[in-house]
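For reference, the chains in residue letters:
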Amino acid sequence: MSTEETGAPAQQDSSLNVSNLPHDVLASVFLLLGVKDMGRCACVCNSFATVAMDEFKVWLPYSLKRWGPHTNLKKWLRYKGKKRQPLPIAGVFHPQNYRMLSVMLSNLEPMVGLWQSRGNDQRPRGALYRIHWVEDGLMWSKIPSGHHTLDTAPDRILKFGPGTIATGEVLDDTHLIIRDYTDCFVGASVCSGAAVAAASVAVCGLSDTSSEGSPPRSFASEMEKFMNSSILAKGRKKSKKGVGGANRMSTILPECRHMVRVVPPEPTRNTSLAGLWKGIYYAHGLEIIRVDYNFSGSHARIIATKITGDRNVPAGEHTWAASAKAGFQYSLDTAFPYADAELDAKIVACHGGICRVADDGFVNPRSLPGRLFELDNDKIRFQFSDIGFVEYTRLDENLVKKNESGHS
């Protein structure tokens, strides 16, 4: 009699379980996971390990799907530049296959985006950096400021990837610690990553100094040495010759920088002017501002904050603010004699506001009346009382996008 006639429960086939699935099916499942999750699956059983280590069924299609649109994976694997001696630094290696390449790319990917330094260049001038994909690595560039033209190419600083001895560690998707070991040599003991990160955060968090390019006996350099000796003290064996024996290797400290991510505000129907803008501030040259909307209080306001500044109003300070409520009625009275000077577009909206000015060194900061004009050519202009005006254009879209292709 069948189990349906007797009412007895059907017995399950014990041979059918996930570990007995065909390898092609397991590979399709693994392609939906992350790099770390696939590494964990490889520790489950022999069947999982075989599939998780498969170069052509898993890692090649995985890396092409995730990073293929942004960079040229073959150039990462076929690096033929200068070969350097290996250093005991986590994250610095030359990938030999797509599995190793996927590990490197997954570690570098969180670095892509806009960053602002927390070091010496934050005030008064400030600096805005961009890390983006190129064909054979990640390029760290500085978005220019201080020039007297709006169209200036970014200054390339450093490339991450094969052939470079530099690493980056993103903490909480907000902070970035960059360590450049280019000047380190074999035979020297390299500071641990924990020591460098701790020293960088301590130095940059407690003062306006940075450990980048630190003099030998500067506060930043001494802080890194102290952090490194404290972290490595537990595993250090006492020399027979006493502390500080002659056989101890010298320590080479990397150039280190602490950076904070810049997340540009997205414009919406009610916040059409939100975003990053650039304009030429007279003799100070090109500066970059961030425009946000503040809806707290009885009246909504548009607030512009300097990302890069000058010796009068430094980076991080408000440069102007205006009412979010705009009207098409405006007057060019004697208080604003230059509002329509050199204007090659039509004014579509006017906002009343105030601007901030100061003497050299941000001395005696004060607020003066001003006006914000929206133009029909997707630009804005702010009139700084009777001083003059600054016309702004949006920062190039390809600089703001977080993940863009490295192919030009």
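Chains are numbered independently. Their residues run from 1 in the order of the written sequence. Local features in a predicted model are, by the rule used here, given only for residues with pLDDT of at least 70; side-chain atom pairs are given and counted only at 80 or more, and totals for whole chains, interfaces and linings are based on all residues. The side-chain numbers reported here are obtained from all heavy atoms of the structure, hydrogens and water having been left aside.

1. Examining the pattern of salt bridges
Rules: Put simply, a salt bridge is a Lys or Arg side-chain nitrogen that is within 4 Å of an Asp or Glu carboxyl oxygen. Secondary structure elements follow DSSP: runs of H or I of four or more residues count as helices, runs of E of two or more count as strands, with numbering from the N terminus. For every residue, the accessible area (1.4 Å probe, protein chains only) is compared with the maximum for its type, and the residue is labelled buried under 20%, exposed over 50%, or partly exposed between those bounds.
In this structure the tally under the stated criterion is 16 salt bridges. Glu-109 serves as the salt-bridge partner of Arg-66, at 2.7 Å between the closest nitrogen and oxygen. In this pair, Arg-66 sits in helix α5 (residues 55-67) while Glu-109 sits in the loop between α7 (98-108) and β1 (113-117), placing the two residues 43 residues apart along the sequence. What makes Glu-109 buried here is its relative accessible area of 18%. Glu-135 is the salt-bridge partner of Lys-75, the closest N and O atoms lying 2.6 Å from each other. A residue pair is termed long-range when its members are at least 10 positions apart, and Lys-75 in helix α6 (residues 73-77) and Glu-135 in the loop between β2 (128-134) and β3 (137-143) qualify at 60 residues. Counted as one network, the salt bridges with shared partners bring together Glu-287, Lys-306 and Asp-310.

2. Some words on a nonpolar patch on the surface
Put simply, the rule reads: Like-charged residues are merged into a patch within 9 Å and nonpolar side chains (Val, Leu, Ile, Met, Phe, Trp, Tyr) within 5 Å, provided each residue has over 30% relative accessible area and no salt bridge. Values of accessible area rely on a 1.4 Å probe in the Shrake-Rupley scheme; residue burial ignores everything except the protein chains shown.
A contiguous nonpolar patch, built from Val-18, Leu-21, Val-25 and Val-29 and spanning about 290 Å² of accessible area, is present on the exposed surface. Checked against the element boundaries, Val-18 lands in the loop between α1 (3-6) and α2 (23-30).

3. Comments concerning the nonpolar core
Quick reminder of the rule: Side-chain atoms within 4.5 Å link the members of a nonpolar core, which is a set of buried Ala, Val, Leu, Ile, Met, Phe, Trp, Tyr and Cys residues.
Counting residues in hydrophobic clusters, the biggest one holds 35 residues, and the most contacted among them are Ile-131, Leu-138, Trp-140 and Phe-160. Among the elements that take part in this core, α7 stands out by supplying five residues, more than any other. Counting residues in each nonpolar core, the second largest holds 18 residues, with Val-291, Ile-302, Trp-320 and Ile-380 among its members.

4. Describing the side chain of Glu-374
Short version of the rule: The positive count covers Lys and Arg only, the negative count covers Asp and Glu only, and His and the chain ends enter neither. We define a polar contact as two N or O atoms separated by no more than 3.5 Å, with the added condition that, inside protein, one atom must be a possible hydrogen donor and the other a possible acceptor, whereas residues neighbouring each other in sequence contribute only through side-chain atom pairs. We call two residues contacting when some pair of their heavy atoms lies within 4.5 Å.
Mapped onto the fold, Glu-374 is located in strand β15 (residues 363-375). We note that Glu-374 is buried and unpaired, the nearest opposite charge coming from Arg-394 at a distance of 8.3 Å. A distance of 2.7 Å separates polar atoms of two side chains, one belonging to Glu-374 and the other to His-351. Apart from the residues lying within four places of it in its own chain, the contact partners of Glu-374 are Leu-273, Ala-326, Lys-346, Ile-347, Val-348, Ala-349, His-351, Lys-379 and Ile-380.

5. Thoughts on the confidence of the model for the chain
Using the following cut-off: Known as pLDDT, the predictor's confidence for each residue is given on a scale from 0 to 100.
In this model, the chain carries an average pLDDT of 75, and 67% of its residues clear a pLDDT of 70 or more. In the model, residues 186-190 has pLDDT below 50 throughout and makes 13 contacts with residues more than four positions away in sequence or in other chains. Scored below 50 in pLDDT, residues 202-215 makes 36 contacts in the model with residues more than four places away or belonging to other chains.

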